[in-house]
Amino acid sequence: MTAQTGPLAELPLWDLLIHLSGGRCQCSGQCGNQHAAGQGRCEHENGGFISKHAGPIRLLVAPKDAHELIRPAHQQARLSACDLAAWCPPCHDNARTRAQREHRKALAELQADTTDALF
Ligand SMILES: [Zn+2]
Ligand SMILES: [Zn+2]
């Protein structure tokens, strides 16, 4: 039996993810915006416009889990397609900022706990 590679396997990851997402940002509130207008999902589409002044949206392929967004790029690169999602730039940036803030808060709490334990 020979391993079959379908046409999807030939596509670069970005094309695959954009195909799977239907060309639409897959953020469902991780960025802090509940996206009520899109029934809980961001309405930004690849090639669409956020505002009259900005250029067309180029969706980004990044980890689906916002907490993975703060990992270094070489670690993100190891994730497979099922752990990735299509993000529009504003959702991606806001979700990452939120994850960073939570991460720092968790670290600070951890340090506070350690300090408490010492005294
Ligand atoms: Zn979005
Ligand atoms: Zn969003």
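Everything in this summary refers to the structure shown in the same document.

### Digging into the coordination of the zinc ion (ligand 2)
Phase 1: The protein atoms that coordinate the zinc ion (ligand 2) are Cys27 (SG), Cys31 (SG), His35 (NE2) and Cys91 (SG), at distances of 2.0 to 2.4 Å.
Phase 2: Given four donor atoms and angles of 104 to 114° at the metal, the environment of the zinc ion (ligand 2) is assigned as tetrahedral.
Phase 3: Here the donor residues of the zinc ion (ligand 2) are spaced in sequence according to C-x3-C-x3-H-x55-C.
Phase 4: The metal-metal distance between the zinc ion (ligand 2) and the zinc ion (ligand 1) is 4.1 Å, with Cys91 serving as a donor to both. In terms of burial, Cys27 and His35 fall into one category: buried.

### A short note on the coordination of the zinc ion (ligand 1)
Phase 1: With distances of 2.3 Å, the protein atoms coordinating the zinc ion (ligand 1) are Cys25 (SG), Cys42 (SG), Cys88 (SG) and Cys91 (SG).
Phase 2: Bound by four donor atoms, the zinc ion (ligand 1) shows angles of 100 to 115° at the metal and therefore tetrahedral coordination geometry.
Phase 3: Counting residues between consecutive donors of the zinc ion (ligand 1) along the chain gives the motif C-x16-C-x45-C-x2-C.

### With respect to helix 2 (residues 13-20)
Phase 1: Within helix 2, the full set of buried residues consists of Leu16, Leu17 and Ile18.
Phase 2: Of the residues trailing helix 2, Gly22 is marked for its positive phi of about 70°.

### With respect to the environment of Ala62
Phase 1: By the element assignment, Ala62 lies in strand 1 (residues 60-63).
Phase 2: For the pair Ala62 and Trp14, spaced 48 residues apart in sequence, the C-alpha separation works out to 9.5 Å.
Phase 3: In this structure, Ala62 is in contact with Leu69, Leu84, Ala85, Trp87 and His92, ignoring residues within four places of it in sequence.

### Looking at the packing of aromatic side chains
Phase 1: On inspection of all chains with the given rule, the structure shows zero aromatic pairs.
Phase 2: Taking NZ or CZ as reference, Arg58 lies 4.0 Å from the ring centre of Trp14, over its face.

### A short note on unusual backbone geometry
Phase 1: Within the chain, His35 stands out as a residue other than glycine whose phi angle is a positive 50°.
Phase 2: Topologically, His35 is positioned in the loop between helix 2 and strand 1.
Phase 3: On the basis of relative accessibility, which here comes to 10%, the residue His35 falls in the buried class.
Phase 4: Phi at Gln39 is positive, roughly 55°, even though this residue is not glycine.
Phase 5: Inspection of the secondary structure puts Gln39 in the loop between helix 2 and strand 1.

### A short note on the nonpolar core
Phase 1: Among the nonpolar cores identified, the biggest contains 16 residues, and Cys25, Cys27, Leu59, Trp87, Cys88 and Cys91 are the most heavily contacted of them.
Phase 2: Looking at this core, the elements with two or more residues in it are strand 2 (84-87) and helix 4 (89-118).
Phase 3: Element by element, the count of residues in this core is highest for strand 2, at three residues.
Phase 4: Contacts of Leu59, omitting those with residues within four sequence positions, involve Trp14, Ile18, Gly23, Arg24, Cys25, His44, Asn46, Ala86, Trp87 and Cys88.

### Looking at the pattern of salt bridges
Phase 1: According to the stated counting rule, one finds two salt bridges in the structure shown.
Phase 2: Taking the shortest distance from any N to any O, the salt bridge between Glu68 and Arg71 comes out at 2.4 Å.
Phase 3: We note a salt bridge from Asp93 to Arg96, for which the minimum N-O separation is 3.9 Å. Of this pair, Asp93 and Arg96 both sit in helix 4, three residues apart, which is roughly one turn of the helix.
Phase 4: Taking the relative accessible area as the measure of exposure, Arg96 reaches 31% and is therefore partly exposed.

Conventions used here
- Residues numbered from 1 in each chain as written.
- Chains lettered and ligands numbered in written order.
- Predicted model: local features only at pLDDT ≥ 70, side-chain atom pairs only at ≥ 80, totals over all residues.
- Heavy atoms only, no water.
- Donors = N, O, S within 2.8 Å, 3.2 Å for Na, K, Ca; no water.
- Tetrahedral: all angles 85-135°; square planar, octahedral: opposite > 155°, others 65-115°.
- Buried < 20%, exposed > 50% of the residue type's maximum accessible area, 1.4 Å probe, protein only.
- Helix = DSSP H or I, 4+ residues; strand = E, 2+ residues; numbered from the N terminus.
- Contact = heavy atoms within 4.5 Å.
- Phe/Tyr/Trp six-rings, centres within 6.5 Å; stacked < 30°, edge-to-face > 60°.
- Lys NZ or Arg CZ within 6 Å of the ring centre and 35° of its normal.
- Core = buried A, V, L, I, M, F, W, Y, C linked by side-chain atoms within 4.5 Å.
- Salt bridge = Lys/Arg side-chain N within 4 Å of Asp/Glu carboxyl O.

Such coordinate-based values are descriptive only and should not be taken to indicate function.
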